[in-house]
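Each chain, written out:
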Amino acid sequence: MTVRAKGSGEHVRPAPALASMTATEGAALVRRGELRPSEWLAACLEQQLVWESRVLAWAQLDRDRVLAEARALDSTAWPDLLPAPRLAGVPFGIKDVFNTRDLTTAMGSDLWSGFEPGNDARVISVIRLLGGQVVGKTVTAEFAVHAPGSTRNPCDPGRIAGTSSTGSAVAVATGSVPVALGTQTAGSIIRPASYVGTLGFKPSFGLIPRTGVLKTSDTLDSIGWFARSVDDLALVFDALRVQGRDYPNVERGLARAEAKRRAGSSAPWRVALAIPPAWDLADPYARDAVRSFAAELGRRPDVRMEELDLRAALGDAHAVHRTIYHKSLSYYFKKELSRDGEVSPILREICAEGREIPLEAFARALERQRELERRLSLEMEGHDVLVTLSVAGEPPPLERPDERDDSALVWTLCGAPAVSLPLFRGPRGLPFGLQVVASRYGDHKLLEFARTILPGALPPLAPPGT
C-alpha cells in the first residue's frame, strides 16, 4: 500500500507511514485525491492486528465490513466536493457507549450484549457526514463507570491503562486509528491518555452534543477524544461542536472567549501552575516534574508564569462530584440493578450509596457545582491557562488498581476544557501527563497554547520486540 501523487504513478509514502499519519495530514491527502480511504484504513488495521492480542482494545471490529465501506468511499470525487469534508477518510475508533446504526452497543455490560440501537449518535452522524470512517467499537468499563474492561496498557501489561475510555486511548496510542471518541464524567479521558502516553481532550461542557450516548449524569457527562497531535484535537473539535443560532449560550461563550484571545494576542501567555485539590496525594516525583516544567515554561519570553493555589477555593469539589455522580447512577441504572448477579459489585455499591442521598442534598450539590464553576472562572480571570498534573503519577499495577484522587474530575465538575499532553516519564519509565486547563468556552485558546508545547505529532507506539 502506498500514497500516490495525484496524476502520477509515483509512490510517495510507504505503507508503514500511513498508520503514523495524523488525521489532519491524511484528510488533506484524501481531499486532494492523493490517498484512498481504503489504503489508509488497511494500514491502520495492520497495526490493529499487530497489537490487539496484547492490548485487547476493541470490543467490536469487523474488518471485512469496514474495508468494504472504505472502498465505497474510494469512489468519492473528493477534490470536487464543496465545502471540502473536514474528516475525509479519517478512521475513528468509537467508545462502546455511542449508538451506531450498524454496530451493536453493549456499553461494557453483558446485560446489553448484542443490543442494536438502530441509529447513530449525533456525533457519529456528523463524522459520517464529513467523510469519516467508523472503524469499530472500543472497550469501555461497565456502563462507563468503575468496573474495568479487558484492555491492557501497551506500555506495561502489568499496569492499568485507565477504566472507562481506555480502549479508545490504547487504539490511538498503538496506531489502530488516528482518533478515537471517549467520554468523561470524572477523569475517563485525561487519565487513560496520561497512562498510555497519548493526547486526550475534554472540551467545555455542552459544546459536543450527547444525543444517542449512554447517560450517567446530566451535569457531568462530556464527550471528548484521543489523538496523537494537537492539530487533530482541534480538527475534531471544530467538526463536532454545536454551532449556530440554536445554541445562543454556546455562541456567546465562545465569542467572549475569542474576543479575549484576540485582545491578548500580542501579550505573553498568562500561565499559572495550579495547585488543585488532591495535589498532595500525587507522587513527589510527579509534582516535581510539573514544577520543573512550569519553571522552564516561565523562562520563555512569551510566557508570564505564576502559581495559583486552588485547594481552598475548590476544596469540596471531590465531595460534590461524588454526591452528584452516585445519586445520578442510582437513578439511571435502576433497571439493571434489579437483575441479580449481572451487575458488578462496585456499581451496586455506588448505587446503594446514591440511593441513601436525600434529594435535598443532591439539589444542594448541583447548586454548589454551579458555584464552583463560577469560582474557577473568577480565579482564572488573570490567567489564560492553568498547568497541572493529569494524574497522581505512573499507572498503578493491576494487582493494586486503586487510583488516588486527582484534579481531572475538578475541571469536569466545573465544565472547563482540559487536555492531557504526554510529557513526562516516571521512575519506571512509564508515562504520565501534563494537564492544561482553560476557563469554560476557552477551548480554542487552550488548544492554541497546547500547540506551543507540543507542536508536532507523536508516532504510534512500537510493538514489543521491534
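Above this text you will find the structure in question.
Residues numbered from 1 in each chain as written. Predicted model: local features only at pLDDT ≥ 70, side-chain atom pairs only at ≥ 80, totals over all residues. Heavy atoms only, no water.

Q: Before we move on, can you summarise the pattern of salt bridges with the specific residues and values?
A: As enumerated under the stated definition, the model contains 30 salt bridges in all. With a shortest N-O distance of 3.9 Å, Arg-304 and Glu-306 are connected by a salt bridge. Relative accessible area serves as the criterion here: at 42%, Arg-304 is assigned to the partly exposed category. Given a relative accessible area of 36%, Glu-306 falls into the partly exposed group. In this structure, a network of salt bridges that share partners links the residues Arg-65, Glu-69, Arg-101, Asp-102, Asp-120 and Arg-128. (Salt bridge = Lys/Arg side-chain N within 4 Å of Asp/Glu carboxyl O. Buried < 20%, exposed > 50% of the residue type's maximum accessible area, 1.4 Å probe, protein only.)

Q: Could you give me a rundown of the side chain of His-383, with the residues and numbers involved?
A: Position of His-383 among the secondary structure elements: in the loop between helix H14 (359-379) and strand S11 (385-389). Once residues lying within four places of it in the same chain are set aside, the contact partners of His-383 are Arg-270, Val-271, Ala-272, Glu-306 and Leu-308. (Helix = DSSP H or I, 4+ residues; strand = E, 2+ residues; numbered from the N terminus. Contact = heavy atoms within 4.5 Å.)

Q: So what's going on with empty space enclosed by the protein? Residues and values would help.
A: Enumeration over the complete set of coordinates arrives at three cavities of 30 Å³ or more. Of the pockets and cavities examined, the largest cavity occupies roughly 70 Å³. Surrounding the largest cavity, Pro-276, Pro-277, Ala-278, Trp-279, Ala-282, Thr-388, Leu-389, Val-391, Ala-392, Asp-405, Asp-406 and Ser-407 form its lining. Broken down by class, the residue content of the lining of the largest cavity amounts to eight nonpolar, two polar and two charged. (1 Å grid on protein atoms, 1.4 Å probe; cavity = no way out; pocket = protein on both sides within 12 Å on 5 of 7 lines; lining within 4 Å. Points joined across faces, edges and corners; volume = space filled by probe spheres on them. Nonpolar A, V, L, I, M, F, W, Y, C, P; charged D, E, K, R; others polar.)

Q: Tell me about the sheet that holds strand S7 (residues 199-202), residues and numbers included.
A: Across the sheet, eleven strands lie side by side as S3-S5-S4-S6-S8-S7-S12-S13-S11-S9-S10; this open sheet has mixed pairing. Each edge of the sheet is formed by a strand with only one pairing partner; in this case those strands are strand S3 (58-60) and strand S10 (303-309). For this sheet, the mean angle separating the axes of adjacent strands, direction not counted, is 30 degrees. Bridge count between S7 and strand S12 (residues 418-425): three bridges; the pairing is antiparallel. Across the sheet, the residue bridging to Gly-200 is Ser-420, located in S12. (Pairing = 2+ DSSP bridges. Axes fitted to C-alpha atoms, helices over the stretch in contact; angles between N-to-C directions.)

Q: I'd like a rundown of the layout of surface pockets, residues and numbers included.
A: Roughly 960 Å³ of volume is contained in the largest pocket. Around the largest pocket, the lining is made up of 46 residues, and of these Val-145, His-146, Thr-163, Arg-191 and Glu-403 lie nearest the centre. At the level of elements, helix H7 (190-196), strand S8 (222-227), helix H11 (317-332) and helix H13 (345-355) are the ones that each hand at least two residues to the lining of the largest pocket. Per-class residue counts for the lining of the largest pocket are 18 nonpolar, 16 polar and twelve charged. What the second largest pocket holds in volume is close to 510 Å³.

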